[in-house]
Amino acid sequence: MTRPLYGLLAEFRSPGDLVRAAHEVHAGGYTKVDAYTPYPMEEVIEALHLGHSHVPKLVLAGGVAGLAGGWGLQYWTSVIDYPMNIGGRAFNAWPAFVVPAFETTVLFAALAAVLGMMALNGLPQPYHPVFNVPGFATASRDRFFLCIEAADPKFDREATGQFLRGLGAEVTEAEE
Amino acid sequence: MSTPTMPTPPSLGRLQRNGLAFGAVFLLGLAVGFFLDRHQFFRSYLFGWLFWLGIAVGCLGLAMLNQLTGGLWGLVPRRFHEAAARTLPTMAVLFVPVLLGLGSLYVWSRPEVVAADEIIRSKTAYLNVPFFVARAALYFAVWSGLALLVSRWSTQQDGGIDPARAGRLRGVSGVGLVALSGTTTFAAIDWGMSLAPHWFSTMYGVLFIVGWTLSALSFTIVLMARLSRESPMSEALQPGTVHDLGKLLLAFTMLWAYVNFSQFLIVWSGNISEETPFYVQRMHGGWGVIAVVLLLFHFALPFALLLSRPLKRHARSLAIVAGLMLVMQLVDLYWLIGPDLLTQGRGHAPLRFHWMDLASALGFGGLWLFLFARQVRTRPVLPLAEPAVRALVDGPQGAEVVTS
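Residues numbered from 1 in each chain as written. Chains lettered and ligands numbered in written order. Predicted model: local features only at pLDDT ≥ 70, side-chain atom pairs only at ≥ 80, totals over all residues. Heavy atoms only, no water.

Notes on the interface of chain A and chain B
Listed per partner, the contact involves 14 residues of chain A and 14 residues of chain B. Buried surface at the junction of chain A and chain B, summed over both partners, amounts to about 1,100 Å²; 64% is from carbon and sulfur atoms. Of all residues in chain A, the largest losses of buried area upon contact with chain B belong to A:Glu43, A:Arg89 and A:Pro95, amounting jointly to 39% of the total for that side. Our count for the contact surface shared by chain A and chain B stands at two salt bridges. With a shortest N-O distance of 3.5 Å, A:Glu46 and B:Arg313 are connected by a salt bridge. Viewed at the interface, chain B and chain A are joined by two residue pairs in polar contact (both at pLDDT 80 or more). When residues of the side of chain A that touches chain B are traced back to their parent elements, those giving at least two are helix H1 (15–27), helix H2 (42–48) and helix H4 (94–121) of chain A. It is H4(A) that contributes the most residues to the side of chain A that touches chain B, five residues altogether. Of the residues that constitute the side of chain A that touches chain B, the class distribution is nine nonpolar, one polar and four charged. (Contact = heavy atoms within 4.5 Å. Buried area = accessible area lost by both parts, 1.4 Å probe. Salt bridge = Lys/Arg side-chain N within 4 Å of Asp/Glu carboxyl O. Polar contact = N/O pair within 3.5 Å; in protein donor to acceptor, adjacent residues only side chain to side chain. Helix = DSSP H or I, 4+ residues; strand = E, 2+ residues; numbered from the N terminus. Nonpolar A, V, L, I, M, F, W, Y, C, P; charged D, E, K, R; others polar.)

Below you can see the structure in the form of structure tokens.
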């Protein structure tokens, strides 16, 4: 019994080949694509137009929540719940609130960045279909991979395979 | 390797001509002011001169910093930073009128005031005219020496990168940055803080170091955006480099707020009469309005805008924020030294602008831009021997895909 096809995995030997192929793949109209490289390559992200992440919005929301929470906590304890006279200063001693509120802003923004990035990436993910392709582990060493998913509207088992081989790749089918 | 020939952007020639004409008109106006109100003349002179000096010193710092760290953010504008630094010997000559007006500016230079003021009398070991002049000479000697040495060796690299010379450049830049921080700290104390000789803050030098670096960075961004339409900067200035400059601008905007707030928080927490007059003067009346303007337009608005990634990658949008930052740096300088210039550190003075302040800022601006453009045009505008810069100008076929 054959398992359903996840997509076609193209293997390249140099980063330059991958970048050129990524431009062609985008120009070919493919949208459900991803690349796997041993180190971060901004050029590939740009070539595939994958850079539109929602993480910045989460970070902003986290930062605003941290600011409001940190400021609110200090205001509530110093002004409402337990007002104390410290050196004759006003209960609402705002200059003293700034530093802790800044720290909570950074803390919440950083947590939103890390946790949001993991959630949006679907991490942790112990299984992925591309792991079934023999030799995929070299993606963390010296090989550069590009995957076009079968779910892509333009995907065609034969034509897409030909297209990728035409870009100089070794093509393997990845099964679910 | 042959010496690379490279077009100089034509707008630099225009900048040189217009800068000179513009500067001459306003400085002539300032000179007329000398005969109308001599004390105001020296106050305005110090204000305008100090602002543009800050950009030159800041550019020297950025040039040396990039020798140590590398990175296209400083490699692409390297020749411009070095040219800005080479204006420092002329800026030193322009300091002479300040020395002639010491009596109008610094109360500690007047013997009758010192005799009647016990606090100033206890500080005369540092605050006396000969030592003040000697220190200024030392600052300018260090700054000019570093500017000329770094420029010279860096330009020699155009004939082919010499690893030994690159090592010497890094060495002198490392030592130079330490020397620059020290001299800038004392220069800020001498020329700014000693306007009110009773008051003191250990944060004061840092305010100037951060402010001057921020000014230099903003100037770099405005200049790069302006030149980005002309060869060879049109090829050399990539969105990634603009992005890096934008990130640095955001970082220094936050650092400016951080150091200013730190000083404020310490003074506010301590709440002692030796320290609070600085903020009492600057948070009430018109000066208080300026303080709010600084909070909003030197920090809040630029900070919010610079969070945007597309804005940081677009040279001309980023240049608008950097332009605002330059104007705010001028306002910040007026807020820092203006009250003490008017009161000479004693009592209170309401917010007041004088036409000579504006004439001085604009006049020194024109003159300094003229000096800067003249220096830029003496060398190739890009360090083409650097492989990273070469790859940008030669295009993609000249280099394999650059991976960082």
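Thoughts on a nonpolar patch on the surface
Residue and element names in this part refer to chain A. Taken together, Leu107, Phe108, Leu111, Val114, Leu115, Met117, Met118 and Leu123 make up a surface patch of nonpolar side chains, about 690 Å² in accessible area. If you trace the backbone, Leu123 turns up in the loop between H4 and strand S3 (144–149). Note on Leu123: relative accessible area 39%, which makes it partly exposed. (Patch = residues over 30% accessible without salt bridge, like charges linked within 9 Å, V, L, I, M, F, W, Y side chains within 5 Å. Areas by Shrake-Rupley, 256 points an atom, 1.4 Å probe, with all protein chains shown as cover. Buried < 20%, exposed > 50% of the residue type's maximum accessible area, 1.4 Å probe, protein only.)

Concerning the pairing of S3(A)
Residues and elements named next belong to chain A. Most of S3 is tucked away: six of the six residues are buried. Burial along S3 is two-sided: the residues Phe144, Leu146 and Ile148 and Phe145, Cys147 and Glu149 are all buried. Pairing geometry for strand S1 (residues 5–12) and S3, over six bridges, is antiparallel. The residue of S3 that forms the bridge with Ala10 is Leu146. (Pairing = 2+ DSSP bridges.)

Overview of the sheet that holds S1(A)
Residue and element names in this part refer to chain A. Strand order in the open sheet formed by four strands is S2-S3-S1-S4, and the pairing between neighbours is antiparallel. Single-partner strands in this sheet number two, and they are strand S2 (33–36) and strand S4 (170–175). Taken over all neighbouring pairs, the strand axes of this sheet differ in orientation by 25 degrees on average, direction set aside. As defined by bridge partners, S1 adjoins S4 across six bridges and the pair is classed as antiparallel. Its bridge partner being in S4, Glu11 is matched across the sheet by Glu170. Across the face of the sheet, H1 comes into contact with S1, S2 and S3 while running at roughly 20 degrees to S3. (Axes fitted to C-alpha atoms, helices over the stretch in contact; angles between N-to-C directions.)

What about the pattern of salt bridges?
Residues and elements named next belong to chain A. Enumeration according to the criterion identifies 13 salt bridges over all chains in this entry. In this structure, the salt-bridge partner of Arg20 is Asp17, at a minimum N-O distance of 3.4 Å. Taken together, the residues span about one helical turn, with Arg20 and Asp17 both in helix H1 at a distance of three residues. Using a relative accessible area of 31% as the deciding quantity, one classes Asp17 as partly exposed. Sharing partners across several salt bridges, the network here consists of Glu11, Asp142 and Arg143.

Focus: the packing of helix H3 (residues 55–81) of chain A against H4(A)
H4(A) packs onto H3(A) with a crossing angle of 145 degrees between their chain directions and a minimal axis gap of 6 Å. Helix-helix and strand crossings are classified by hand; for H3(A) and H4(A) the assignment is right-handed. (Left-handed = near helix turned anticlockwise from the far one by under 90°.)

Regarding the side chain of B:Gln344
All names here are of chain B. Checked against the element boundaries, Gln344 lands in the loop between helix H18 (315–343) and helix H19 (355–376). Within the structure, Gln344 has its side chain in polar contact with the backbone oxygen of Ser104 (distance 2.7 Å). Within the structure, the side chain of Gln344 is placed 3.4 Å from the backbone oxygen of Leu105, a separation counted as a polar contact. Once you skip the residues sitting within four places of it in the chain, Gln344 turns out to touch Gly103, Ser104, Leu105, Tyr106, Val107, Arg110, Leu195 and Pro197.

Some details on the nonpolar core
Across soluble globular proteins, you tend to see nonpolar side chains buried next to one another. Of all hydrophobic cores here, the largest spans 131 residues; its most connected members are B:Trp49, B:Leu53, B:Trp143 and B:Trp191. Looking at which element gives the most residues to this core, the answer is helix H2 (residues 38–69) of chain B, with 17 residues. Dropping the residues within four chain positions of it, B:Trp143 is found in contact with B:Leu53, B:Val57, B:Leu60, B:Leu88, B:Leu180, B:Thr183, B:Thr184, B:Ala187, B:Trp191 and B:Trp212. In terms of nonpolar packing, the next biggest core, distinct from the first, is built from 21 residues, A:Phe12, A:Val33, A:Phe144 and A:Leu164 among them. (Core = buried A, V, L, I, M, F, W, Y, C linked by side-chain atoms within 4.5 Å.)

A word on the packing of aromatic side chains
Think of a pair of aromatic rings as described by two things: how far the centres are apart, and how the planes are tilted against each other in angle. Counted under the stated rule, the structure contains 48 aromatic pairs over all chains. On the numbers, 6.0 Å between centres and 90 degrees between planes, the contact of B:Phe34 with B:Phe42 is edge-to-face. Residue classification places B:Phe34 among the partly exposed positions, given a relative accessible area of 28%. The buried category is assigned to B:Phe42, whose relative accessible area is 5%. With a centroid separation of 5.2 Å and 35 degrees between ring planes, the pair formed by B:Tyr204 and B:Phe208 is classed as tilted. Here B:Tyr204 pairs with B:Phe208, and both are found in helix H12 (residues 204–227), just four residues apart, close to one helical turn. Relative accessible area serves as the criterion here: at 4%, B:Phe208 is assigned to the buried category. Following the ring pairs from residue to residue traces out a cluster consisting of A:Trp94, B:Trp199, B:Tyr204, B:Phe208, B:Trp212, B:Phe261, B:Phe264, B:Phe278, B:Tyr279 and B:Trp335. The positively charged end of B:Arg282 is found above the aromatic ring belonging to B:Phe278, 3.7 Å away from the centroid. (Phe/Tyr/Trp six-rings, centres within 6.5 Å; stacked < 30°, edge-to-face > 60°. Lys NZ or Arg CZ within 6 Å of the ring centre and 35° of its normal.)

Some remarks on H3(A)
Residue and element names in this part refer to chain A. Relative to the 39 Å expected for 27 residues at 1.5 Å per residue, H3 spans 36 Å between its end C-alpha atoms, a close match to the ideal helical length. Considering bend angle alone, the principal kink of H3 is centred on Tyr75 and spans about 25 degrees. Where H3 is concerned, the buried positions are Val55, Gly62, Gly63, Gly66, Gly70 and Gln74. Against the buried residues of H3 lie H4. (Expected span 1.5 Å × (residues − 1). Bend = angle between axes of the 7 residues up to and from the residue.)

Notes on the confidence of the model for chain A
Overall, the predicted model of chain A reaches an average pLDDT of 86, with 99% of residues at or above 70. When pLDDT is averaged over each element of chain A, H3(A) comes out on top at 95 and S4(A) at the bottom at 79. (pLDDT = per-residue confidence, 0-100.)

Looking at unusual backbone geometry
Of the consecutive residues A:Leu123 and A:Pro124, the connecting peptide bond is found in the cis state with omega at 0 degrees. One can find A:Pro124 in the loop between H4 and S3. In the segment running from B:Ser231 into B:Pro232, the intervening peptide bond is cis, with an omega of 5 degrees. Turning to its location among the elements, B:Pro232 is positioned in the loop between H12 and helix H13 (233–236).

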